[in-house]
Amino acid sequence: MALDVLENTASLSFDLTDDQSMIRDTIRDFADRHIAPGVIERDNSKKFPHDIVKMLADQGLMGIYHEEQYGGAGFDTVSFCLALEEIGRWDASLALTVASHTSLGSGHIALAGSHEQKLKFLTPLAQGEKLAAWCLTEPGSGSDASGMKTTAVRDGDHWIINGSKIFITQGSVGDTYVVLAKTDPNKGTKGISAFIVERSMEGVKPGEPMHKLGMNSSDTTEVVFDNVKIPAGNLLGELGMGFVDTMKVLDGGRIGIGALSVGIARGALEESMKYAKERKQFGRSIGDFQAIEHKMVNMAVEIEAARLLVHKAAWLKDKGRPFTKEASMAKLFASEMAERATLDAVQIHGGYGYTKEYHVERFMRDVKLMTIGEGTSEIQRLILARELKNEMGYNS
């Protein structure tokens with residue numbers, strides 16, 4: 001038994017590799033110089049930051065963990081998490097753009113695409129020449145993805161897609177969509193398939209950007225598919241395997257949401273510490289009051305715990321090992337932790353925290369999506385309950 005334990009922990013290390021440290025430091029410097037200065041203006045204007053996304057693409061970030069043969073940078077998932085944290089510390093909207101493009105849209109093609117599909121579609125996405133959007137959620141089906149109404153019907157050498165998707169990140173600015181549709185409505189989840197659709201195709205109708213609580217400079221729209229005719233070769237993965245692949249894509253996406261949540265929470269803590277040092281009450285800095293100290297300490301402890309959960313899930317993914325449970329744990333804990341951190345940050349700032357002069361009110365608005373997107377907290381608890389029961393032989 002002792003030898004088994006040693007074998008399982010032999011590779012345990014909390015040190016970043018040289019590549020991982022380089023990614024973290026490079027993106028931190030980039031974020032401080034290019035992302036932080038205009039973040040409040042972008043939030044207010046609600047305009048998609050094409051210029052900054054292009055700059056990130058030039059650094060290889062839009063395909064950071066995709067294979068080099070398909071235009072990616074070839075780094076690992078831990079590096080991706082470090083980058084998302086550094087971006088999310090200043091601008092969660094921008095981090096969401098990177099996460100959804102990489103984990104969901106291009107990520108689905110990387111997971112299920114053929115070599116030819118990857119060359120044609122993944123390469124320009126990984127290089128940042130095009131943006132990806134992942135089309136799963138519909139007006140009547142959110143957590144219950146199997147309830148989707150969008151259909152794809154075979155017509156000779158083509159598929160005809162009809163339906164509408166909602167809450168699509170990069171919905172109006174994306175170039176390449178991965179669309180989930182029912183190919184056999186009588187087979188439930190086994191009758192769902194995935195397709196690659198280009199925005200330039202006739203019948204693709206992106207809606208206007210939606211007005212949201214937060215994530216204001218992230219593009220979110222409805223997308224309607226009206227008799228969209230695509231080549232048969234644009235079927236992504238095997239027929240009827242779209243739902244199975246979607247669950248795998250979501251597992252990976254949840255790691256990204258966890259990292260983004262850590263970034264938001266870290267921003268909340270760092271802004272709070274700066275403010276608490278500068279703000280004077282009763283003749284001294286409020287950061288010297290025990291009540292404020294305790295809030296900041298709690299934030300720091302939970303951020304560290306969340307980061308460890310995120311990095312463990314990312315490490316398992318990189319090793320090719322099962323990570324469904326760990327991804328859900330990371331996403332659940334990190335997102336709810338970040339909610340608590342941003343609420344405390346606003347409280348520490350007092351009345352100023354309620355104004356747009358300070359970053360913390362934006363953090364509080366942006367963070368709510370973290371407990372909803374990529375599967376709500378309630379869905380994560382359902383997944384984890386199932387995983388735990390299976391581990392313990394609960395149903396045997």
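In what follows, the accompanying structure is described. (Residues numbered from 1 in each chain as written. Predicted model: local features only at pLDDT ≥ 70, side-chain atom pairs only at ≥ 80, totals over all residues. Heavy atoms only, no water.)

1. Observations regarding the pairing of strand β5 (residues 192-198)
The cut-off we apply is this: Only protein chains enter the calculation, and the probe is 1.4 Å; a residue is then buried if its accessible area is under 20% of its type maximum, exposed if over 50%, and partly exposed in between. Put simply, DSSP marks the helices as runs of H or I at least four residues long and the strands as runs of E at least two long, and each gets a number from the N terminus on. The pairing criterion for strands is at least two bridges between them, as found by DSSP.
Counting buried positions along β5 yields seven of seven residues, so the element is predominantly enclosed. Here β5 shows two buried faces, one formed by I192, A194, I196 and E198 and the other by S193, F195 and V197. Bridging between strand β4 (residues 176-182) and β5 involves seven bridges; their strand directions are antiparallel. What sits directly across from V179, in β5, is F195. Strand direction decides the pairing type here: β5 and strand β8 (residues 235-236), joined by two bridges, are antiparallel. When the bridges of β8 are listed, F195 appears paired with L235.

2. Let's talk about the nonpolar core
Short version of the rule: Side-chain atoms within 4.5 Å are what join buried Ala, Val, Leu, Ile, Met, Phe, Trp, Tyr and Cys residues into a set we call a nonpolar core. Delimitation of the domains relies on an automatic or database domain assignment. Note on contacts: a residue pair qualifies if any of its non-hydrogen atoms lie within 4.5 Å across the two residues.
Core analysis: the biggest nonpolar cluster contains 67 residues, and L56 and I87 have the highest contact counts within it. Per element, the largest residue contribution to this core is eleven residues, and it comes from helix α8 (residues 242-278). Both domains that furnish three or more residues to this core are identified here as domain 1 (18-131) and domain 3 (243-392). Beyond its immediate stretch of four places on either side in the chain, L56 contacts F30, L61, M62, I87, L94 and V98. Core analysis: the second largest hydrophobic core is formed by 20 residues, L104, L136, I192 and L250 among them.

3. Observations regarding empty space enclosed by the protein
Selection rule: Grid spacing is 1 Å over the protein atoms alone, the probe is 1.4 Å, and a cavity is where that probe fits but cannot get out, while a pocket is an open set with protein on both sides within 12 Å along at least five of seven lines and lining residues have an atom within 4 Å of a point. Grid points are joined across faces, edges and corners, and a volume is the space filled by probe spheres set on the points. Each residue is assigned to one class: nonpolar for Ala, Val, Leu, Ile, Met, Phe, Trp, Tyr, Cys and Pro, charged for Asp, Glu, Lys and Arg, and polar for all the others, Gly among them.
Applying the stated rule across the entire model yields one cavity of 30 Å³ or more. Looking at the largest cavity, the residues that line it are I40, D43, N44, K356, Y358, E361 and R362. Elements represented by at least two residues in the lining of the largest cavity include exactly α3 (39-45) and α11 (360-367). For the lining of the largest cavity, the element with the highest residue contribution is α3, accounting for three residues. A per-class count over the lining of the largest cavity returns two nonpolar, one polar and four charged. Taken domain by domain, the lining of the largest cavity gets at least three of its residues from each of domain 1 (18-131) and domain 3 (243-392).

Keep in mind these values describe shape, not function.
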